[in-house]
Amino acid sequence: MYDLATIEQAASRHHFSLLFMKVQAYAEGLEKMRKAVLSKEAEGYFVTGDLDDKAIDLITEAKVPYLFYGGIPREGTNSIVMDHEKGAYEAVKYLLSFGHKRIAFFSRNLNISIHQKNLNGYYRALEEAGIPLDKSLVQASSGEDGYELCARMNVLDIGYTAVFSVNTVIQFGALQWLKEHGVQVPGEVSLVGYGFSELAKLSKPPLTTFYVAPASRELAVNRMIEMIRRKDLEPQVTYLTEMECFPGETVAANTANTKL
């Protein structure tokens, strides 16, 4: 929803309106998308979510201005892609700057390309800091369950002083487990996430997280308007690389060697 609001605000400044349509990932949803695109009621289309080849082909063959927004880069298409590796890299470097060395990595299924890129950024930050990789600190859940991941770390007796989470949902779940078990955040364990949602502000304490800067996201709107005005643009993959930090209150200096 944060992405949607940012795009809508940017489009409004260029005197465009944004219409939103949710499409389910099944045959009826694909047909709904086909009818919407072929009707050409909109001048351009932002398409986001987990897209299969059929959905991609439907959009690209419709000969309408479009952008695949988020997700993974799709060569030969008009795509706007977040630099997920850089986001994780900057977040982990932030934790390192506070003296943390035992930094856990909490993720959803690591078969997901986005989270593989997050993991690459995590590895790169540790490597540059000369910290050996401890694979026991890399933990994944089939869902977005930071609570369960903290419980697992406790059962397996894996020590850590900080956690990087691939999203704020996992980060929030981790915070709840730590609070319920008397672990002070950020006094004993620091938490940093990737991406931004209202959860970061509503959490108590607010969550520290890194995310793609809103000004960078406006590139998506600018690119769409350019395609609407010029019908002959070659497909292009654009990366959003400028990151910002929502400081929150979940990171502090490391005052212990490990937290068990």
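These numbers come from a predicted model, not from an experiment. (Residues numbered from 1 in each chain as written. Predicted model: local features only at pLDDT ≥ 70, side-chain atom pairs only at ≥ 80, totals over all residues. Heavy atoms only, no water.)

Colleague: Honestly, the nonpolar core in this entry has me stumped. Any pointers?
Modeller: In a soluble, globular protein the nonpolar side chains are often hidden away together inside. Among the nonpolar cores identified, the biggest contains 60 residues, and F106, Y122, Y160, F164 and L178 are the most heavily contacted of them. Sequence-distant contacts of Y122, that is, excluding residues within four places in its chain, are made with A88, V92, I103, A104, F105, L133, L137 and V138. Counting 13 residues, the second largest nonpolar core, distinct from the first, contains V37, V47, I56 and A62. (Core = buried A, V, L, I, M, F, W, Y, C linked by side-chain atoms within 4.5 Å. Buried < 20%, exposed > 50% of the residue type's maximum accessible area, 1.4 Å probe, protein only. Contact = heavy atoms within 4.5 Å.)

Colleague: Just checking my understanding: could you explain the pairing of strand β4 (residues 103-107) for this structure?
Modeller: Each regular strand displays side chains that alternate between the two surfaces of the sheet. With 5 of 5 residues buried, β4 lies mostly within the body of the structure. On β4, burial covers both faces: I103, F105 and S107 on one face and A104 and F106 on the other are all buried. In the sheet, β4 pairs with strand β6 (residues 162-165) via 4 bridges, with the strands oriented parallel. Its bridge partner lying in β6, F105 is registered against F164. Read from β4 through helix α5 (residues 113-128) to strand β5 (residues 138-140), the crossover connection turns out right-handed. (Helix = DSSP H or I, 4+ residues; strand = E, 2+ residues; numbered from the N terminus. Pairing = 2+ DSSP bridges. Right-handed = clockwise from strand over helix to strand, strands pointing away.)

Colleague: Where do I start with the sheet that holds strand β8 (residues 208-212) in this structure?
Modeller: Strand-to-strand pairing in sheets goes through backbone hydrogen bonds, with the strands running parallel or antiparallel. The strand order β5-β4-β6-β7-β8-β10 describes an open sheet built from 6 strands, whose pairing is mixed. Every interior strand has two partners, whereas the edge strands, β5 and β10 (243-246), have only one. For this sheet, the mean angle separating the axes of adjacent strands, direction not counted, is 20°. Pairing of β6 with strand β7 (residues 190-194) involves 4 bridges; the strand directions are parallel. Along β7, the bridge assignment pairs A162 with S190. Against the sheet, helix α9 (residues 214-229) contacts β8 and β10, and its axis sits at roughly 30° relative to β8. (Axes fitted to C-alpha atoms, helices over the stretch in contact; angles between N-to-C directions.)

Colleague: So what exactly am I meant to see when it comes to the packing of helix α2 (residues 27-39) against helix α3 (residues 53-61) here?
Modeller: Geometry of a packed helix pair, given as the angle between the helix axes and the separation of the axes. The interhelical angle for the contact between α2 and α3, taken along N-to-C directions, is 10°, at an axis separation of 10 Å. Here α2 lies roughly parallel to α3, going by the angle between them. Contact residues: α2 offers L30, M33, R34 and V37, while α3 offers K54, A55, L58 and I59. In terms of residue class, the contact of α2 with α3 is built from 6 nonpolar, no polar and 2 charged. (Parallel < 35°, antiparallel > 145°, perpendicular 65-115°, else oblique. Nonpolar A, V, L, I, M, F, W, Y, C, P; charged D, E, K, R; others polar.)

Colleague: Explain the packing of helix α6 (residues 146-155) against helix α7 (residues 168-180) here, please?
Modeller: Here α6 crosses α7 at 50°, and the two axes come no closer than 6 Å. Looking at the two axes, α6 sits oblique to α7. Considering the relative orientation of α6 and α7, their crossing is right-handed. Contacts between α6 and α7 involve G146, Y147, L149, C150, A151 and N154 from the former and I170, G173, A174, Q176, W177, L178 and E180 from the latter. Of the residues in the contact of α6 with α7, the class split is 8 nonpolar, 4 polar and 1 charged. (Left-handed = near helix turned anticlockwise from the far one by under 90°.)

Colleague: Help me out: how do you make sense of α7 in this one?
Modeller: One full turn of an α-helix is made of 3.6 residues, so residues set three or four places apart face in the same direction. Look at α7: 18 Å from first C-alpha to last across 13 residues, which is about the 18 Å you get at 1.5 Å a residue. Near the N-terminus of α7, the side chain that reaches the backbone nitrogen of V169, with its oxygen 3.1 Å away, is that of N167. Where α7 ends, the next residue or the one after it, G182, has phi of about 75°, a positive value. (Expected span 1.5 Å × (residues − 1). Polar contact = N/O pair within 3.5 Å; in protein donor to acceptor, adjacent residues only side chain to side chain.)

Colleague: Quick question: what am I supposed to make of the sheet that holds strand β9 (residues 237-240) here?
Modeller: If you trace the 4 strands from one edge of the open sheet to the other, you get β1-β2-β3-β9, paired in parallel fashion. Looking at strand neighbours, the two that pair on one side only are β1 (45-47) and β9, the edges of this open sheet. Averaged over all neighbouring strand pairs, the angle between strand axes comes to 20°, with direction disregarded. Judged from the 3 bridges that link them, β1 and strand β2 (residues 66-69) form a sheet pairing that is parallel. Across the sheet, residue Y45 finds its bridge partner in β2, namely Y66. Where α9 meets the sheet, it contacts β1, β2, β3 (79-82) and β9, and its direction lies at approximately 160° from that of β2.

Colleague: Looking at this model, I keep getting lost on a negative patch on the surface. Mind explaining?
Modeller: On the surface, a cluster of negative charge is contributed by D52, D53, D57 and E61. The exposed category is assigned to E61, whose relative accessible area is 59%. (Patch = residues over 30% accessible without salt bridge, like charges linked within 9 Å, V, L, I, M, F, W, Y side chains within 5 Å. Areas by Shrake-Rupley, 256 points an atom, 1.4 Å probe, with all protein chains shown as cover. Salt bridge = Lys/Arg side-chain N within 4 Å of Asp/Glu carboxyl O. Lys, Arg positive; Asp, Glu negative; His and termini not counted. Charge placed at Lys NZ, Arg CZ, Asp CG, Glu CD.)

Spatial relationships are all this shows, so hold off on functional conclusions.
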